[in-house]
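A structural walkthrough
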Amino acid sequence: MYVDITKILHDASITVEQWATHIRKEIMDATGCPCSTGFGANRLQARLATKKAKPAGQFHLEPDKVEDYMTEISLADLPGVGHATVVKLHALGLKTCGDIQTISHSHLQADLGHKTAETLIEQARGIDSKPLNFEHERKSVSADVNYGIRFNDKTEALNFLQSLSEEVCNRLLDTGMKARCLTLKLLIRAPEAPKETAKFLGCGICNSVNRSTTTGSLLSDATTIYKEAKTLFERINAPPSELRGVGIQLTKLEKTPPVNSALSRFLQQNCEKQEEIKSSSNNNNNINKTSDITNGNTEDLVSHQSDLNGIKPQNEVKFINSPEKKQTKDNDKKESKATETKTKLEKRGRQKNNTNNKLKRKPSNDLEKYFKPQTKPSNNVNDIDIKVLSELPEDLRREIIKEYGLENKISESLPKNDNSNNNKSPEPLTPTNYTFDGLDWEELKPIILNWLHSETKPTDIDVIMMGEHFKKLVLDGKIEDVKKMCSFLY
């Protein structure tokens, strides 16, 4: 491990050798194990100094001795120089860092490339510009099994692949990250290898086959991981009986973004409002089918309700908030005190006013949501909230217009049928007709800001409009606009 001890040496006023002796003694006393320590000005120098200090020693590579010390270092000891690179360097007659120090950058670049040549020349002089990073960032999550793999058929192989997908998914969830790339690794028995391995149920001599796929969406559940792994497995088309190892590796990890609780509540409220409107529309359908208030069947309705409650039928039914009800109340107040007392003390059934309230409440609770207070069903288009009426389902809207006899009055306010377009029914007015189409973010931002400052609680139509706009942006693939709006609302 690498540790920066610059501050410790300065604060304690001790030398590198004193610190090395102290830390090695502490480790020996605590664990009983010897250790080696190496010190240098950067990671490369410290690594090479530690290699020289082994076994159970210490070595400090001082800055003024770095260039001479690096001259005798083998190129194979440098980090990042593998077997293939060493072969190329030996072909050029280069074996030590001293050989690299005498060669030009252009000559080395012709065989190894610009980046590798530049790195080698710097390392040969003891220069390492990589920062000392104490935080390890995970690059991959994997699960591999290469012992006891013996399948009889494809079904057994796919079942095992599914179990392995669940295991790697659990490991991925523990890291709190999601992946974009999946690699399927298979060990297939080599043609010259015996079927029975030297180690019981071991993998033996195998050929390694790897296939990778990068998905457009993030991988975060076992079902999706298994689906991608199964596709790669079928693409390789290896005989199940020849498999000796199976592994799944997930790379290109991304941190799971935090959940925006405010946005979640907003979208949930939008869904609840739509369900409420749908439920209210269904209730109105039931009321309109069972109560023909506007077609002269008032007496039948009242008689039916009166029979159920054991009271005398009333002659008319009015909306609760209608002006006519207020007038009735005023007339009741003018009655004498004795008559009012007598009415209250009647033993048969409920009071007359209570009966009216019960009969009036049921239709008014639903209908007054869509109509303004009125004495009787109005034929005036101005007394009807066209915006709310247009939000109702097509069948309910037509039924209300028919019941109130508003076909001629309201035809100009609602969409008309276009017989020239294959006799299709008119598109109902929905909140999507009032969304923010055609506005870019800079134009939409002040509108949303004014909306947020103008109301303590959004109305139903506001919530639906905003939800529909979010939905349209997602369907159109404008994810950046959605991010901007979410960040602004949050």
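Residues numbered from 1 in each chain as written. Predicted model: local features only at pLDDT ≥ 70, side-chain atom pairs only at ≥ 80, totals over all residues. Heavy atoms only, no water.

When its secondary structure is counted, the protein chain shows 21 helices and six strands. Taken across its 490 residues, the protein chain has 32% of its residues classed as buried. Contacts in the protein chain between residues far apart in sequence, at least 24 positions, make up 66% of those at least 6 positions apart. Counting every atom, the protein chain has about 31,300 Å² of accessible surface; 50% of that belongs to carbon and sulfur. (Helix = DSSP H or I, 4+ residues; strand = E, 2+ residues; numbered from the N terminus. Buried < 20%, exposed > 50% of the residue type's maximum accessible area, 1.4 Å probe, protein only. Contact = heavy atoms within 4.5 Å. Areas by Shrake-Rupley, 256 points an atom, 1.4 Å probe, with all protein chains shown as cover.)

The subject of this paragraph is the sheet that holds strand 5 (residues 206-219). The strands that make up a sheet are held in pairs by hydrogen bonds between backbone atoms, and each pair lies either parallel or antiparallel. Strand order in the open sheet formed by four strands is 3-6-4-5, with antiparallel pairing between adjacent strands. Each of the sheet's edge strands pairs with one partner strand only, and the pair in question is strand 3 (140-145) and strand 5. Here the strands of the sheet are splayed against their neighbours by 15° on average, with no regard to which way each runs. One ladder, built from six bridges, connects strand 3 with strand 6 (residues 243-255); its direction is antiparallel. Looking at strand 6, one finds that Asp144 is bridged to Gly247. Relative to the sheet, helix 9 (residues 154-175) contacts strand 3, strand 4 (177-189), strand 5 and strand 6, its axis offset from that of strand 3 by approximately 150°. (Pairing = 2+ DSSP bridges. Axes fitted to C-alpha atoms, helices over the stretch in contact; angles between N-to-C directions.)

What follows concerns the pattern of salt bridges. Going through the model one piece at a time under the given rule, you end up with eight salt bridges. In this structure, the salt-bridge partner of Lys154 is Glu234, at a minimum N-O distance of 3.7 Å. On the criterion of sequence distance, the pair formed by Lys154 in helix 9 and Glu234 in helix 10 (residues 222-236) is long-range, its members being 80 residues apart. In this structure, Glu254 engages Arg180 in a salt bridge whose closest nitrogen and oxygen atoms are separated by 2.6 Å. With Glu254 in strand 6 and Arg180 in strand 4, this residue pair connects regions lying 74 residues apart in the sequence. Taking relative accessible area as the criterion, Glu254 reaches 30% and is therefore assigned partly exposed. Given a relative accessible area of 26%, Arg180 falls into the partly exposed group. (Salt bridge = Lys/Arg side-chain N within 4 Å of Asp/Glu carboxyl O.)

In the structure shown here, the tally under the stated rule is two aromatic pairs. Residues Phe151 and Phe160 carry aromatic rings whose centres are separated by 5.6 Å and whose planes lie at 50° to one another, so their mutual orientation is tilted. Looking at Phe151, the relative accessible area reads 9%, which means it is buried. On the basis of relative accessible area, Phe160 is assigned to the partly exposed category, the value being 24%. Sitting above the plane of the Tyr2 ring, Arg43 keeps its charged end 5.2 Å from the centroid. One cation-aromatic arrangement involves Lys52 over Phe59; the distance from NZ or CZ to the ring centre is 5.6 Å. (Phe/Tyr/Trp six-rings, centres within 6.5 Å; stacked < 30°, edge-to-face > 60°. Lys NZ or Arg CZ within 6 Å of the ring centre and 35° of its normal.)

Further remarks concern the environment of Ala56. Its place among the elements puts Ala56 in the loop between helix 3 (43-53) and strand 2 (58-60). Here Ala56 falls in the partly exposed class, since its relative accessible area comes to 42%. When near neighbours in sequence (up to four residues on either side) are disregarded, Ala56 contacts Arg24, Pro34, Cys35 and Ser36.

Below, the discussion takes up helix 21 (residues 479-489). Of the positions making up helix 21, those classed as buried are Val482, Met485 and Cys486. Down the axis of helix 21, the smallest arc covering the buried residues is 100°, so these residues share one side. Facing away from the buried side of helix 21 by over 90 degrees, the exposed positions are Glu480 and Ser487. (Arc of directions from axis to C-beta.)

If you look at the biggest cluster of nonpolar residues, it comprises 31 residues, and the most contacted ones within it are Leu161, Leu184, Ile248 and Leu250. The biggest single contributor to this core is helix 9, with seven residues. Once residues lying within four places of it in the same chain are set aside, the contact partners of Leu184 are Leu161, Val209, Asn210, Arg211, Ala229, Leu232, Phe233, Ile236, Val246, Gly247 and Ile248. Counting 23 residues, the second-largest nonpolar core is a separate cluster that includes Val81, Ile103, Ala117 and Ile121. (Core = buried A, V, L, I, M, F, W, Y, C linked by side-chain atoms within 4.5 Å.)

Running from N to C, helix 9 and helix 10 point in directions that differ by 140°, and their axes come no closer than 9 Å. With respect to their mutual orientation, helix 9 and helix 10 come out oblique. Handedness of the helix 9/helix 10 crossing: right-handed. For the pair formed by helix 9 and helix 10, the contact residues are Lys154, Ala157, Leu158, Leu161, Gln162, Ser165, Glu166, Val168 and Cys169 on the first element and Ala222, Ile225, Tyr226, Ala229, Lys230, Phe233 and Glu234 on the second. Across the contact of helix 9 with helix 10, the residue classes tally to ten nonpolar, two polar and four charged. (Parallel < 35°, antiparallel > 145°, perpendicular 65-115°, else oblique. Left-handed = near helix turned anticlockwise from the far one by under 90°. Nonpolar A, V, L, I, M, F, W, Y, C, P; charged D, E, K, R; others polar.)

This brings us to helix 10. An ideal rise of 1.5 Å per residue puts 21 Å on 15 residues; helix 10 measures up with 21 Å between its terminal C-alpha atoms. All of the buried residues along helix 10 are Ile225, Tyr226, Glu228, Ala229, Leu232, Phe233 and Ile236. Angular distribution of buried residues about the axis of helix 10 spans 165°; they occupy a single face of the element. Of the exposed residues in helix 10, the ones pointing more than 90 degrees away from its buried face are Thr223, Lys227 and Arg235. Its side-chain oxygen 3.3 Å from the backbone nitrogen of Thr223, Asp221 forms the N-cap of helix 10. A positive phi of about 55° marks Asn237, the residue just after helix 10. (Expected span 1.5 Å × (residues − 1). Polar contact = N/O pair within 3.5 Å; in protein donor to acceptor, adjacent residues only side chain to side chain.)

Turning our attention to the side chain of Gln45. On the secondary structure map, Gln45 appears in helix 3. Excluding residues within four positions of it along the chain, Gln45 makes contact with Phe39, Gly40, Leu61, Val66 and Gly126.

This paragraph deals with the side chain of Thr37. With respect to the secondary-structure elements, Thr37 resides in strand 1 (residues 37-39). Relative accessible area serves as the criterion here: at 13%, Thr37 is assigned to the buried category.

Averaged over all residues, the pLDDT of the protein chain is 76; the fraction at 70 or higher stands at 68%. Overall, residues 292-329 carries pLDDT values under 50, and its contacts beyond four positions in sequence, including any with other chains, amount to 55 contacts. A low-confidence stretch, residues 416-432 (pLDDT under 50), is modelled with 26 contacts involving residues beyond four sequence positions or located in other chains. (pLDDT = per-residue confidence, 0-100.)

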